[in-house]
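# Architecture at a glance
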Amino acid sequence: MDELHPEERLRQLQRRLAEFAAARGWEPYHTPKNLAVALSVEASELVEIFQWLTPEQSAKVMEKPDTAHRVADEVADVLAYLLQFCEVLGVDVLDALAAKIERNELRFPVTGPPTSNCHSSE
């Protein structure tokens, strides 16, 4: 599967998630509300890993195998629920991201040299 184009690989993984849920009869529970809640829970579990770390410690979490594994698992859970959410609502996640980046580029034009003290993901 690693030989596929990244977009096709993403779509194949999204199909696998849908097939996984279908094989277990989980579709009735995979409503937009339930998937949004599950996504929030998994994102919170990712946040929990970093909760009491200093900025310096948080930058090094991938250096420890146990912590790196936890981070990777939670990232996978967040992405899985996001992809399932998009599948249920018919949102093309890559198109949505591209459109959002374009809107942000218009909303936040470059006006000078980059600064390190401001950030927005809106």
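See the structure above.
This structure is a prediction, so every number in the text was calculated from the model and none was measured.

Within the protein one finds 5 helices and 0 strands. Each helix (α) and strand (β) of the protein, taken in turn from the N terminus, gives the series α-α-α-α-α. Against the compact-globule benchmark of 14 Å for 122 residues, the protein has a radius of gyration of 18 Å, which places it well outside the compact range. With the principal axes as the frame, the protein shows a C-alpha extent of 50 × 40 × 35 Å. Considering the protein as a whole, with its 122 residues, one finds that 17% of them fall into the buried category. About 9,400 Å² of surface is accessible on the protein, with carbon and sulfur atoms providing 58% of the total. Of the side chains in the protein, 12 bear a positive and 21 a negative charge, and the two mean positions are spaced by 2 Å.

Within this structure, the stated rule accounts for 3 salt bridges. Here Glu 7 ties to Arg 11 by a salt bridge, and the two come within 3.9 Å at their closest N and O atoms. Residue Glu 7 and its partner Arg 11 are both found in helix H1 (residues 6–23); the two are separated by 4 residues, about one turn of the helix. A relative accessible area of 28% means that Arg 11 is categorised as partly exposed.

Criteria and thresholds
Residues numbered from 1 in each chain as written. Predicted model: local features only at pLDDT ≥ 70, side-chain atom pairs only at ≥ 80, totals over all residues. Heavy atoms only, no water. Helix = DSSP H or I, 4+ residues; strand = E, 2+ residues; numbered from the N terminus. Rg over C-alpha atoms; globule rule 2.2 N^0.38 Å. Buried < 20%, exposed > 50% of the residue type's maximum accessible area, 1.4 Å probe, protein only. Areas by Shrake-Rupley, 256 points an atom, 1.4 Å probe, with all protein chains shown as cover. Lys, Arg positive; Asp, Glu negative; His and termini not counted. Charge placed at Lys NZ, Arg CZ, Asp CG, Glu CD. Salt bridge = Lys/Arg side-chain N within 4 Å of Asp/Glu carboxyl O.

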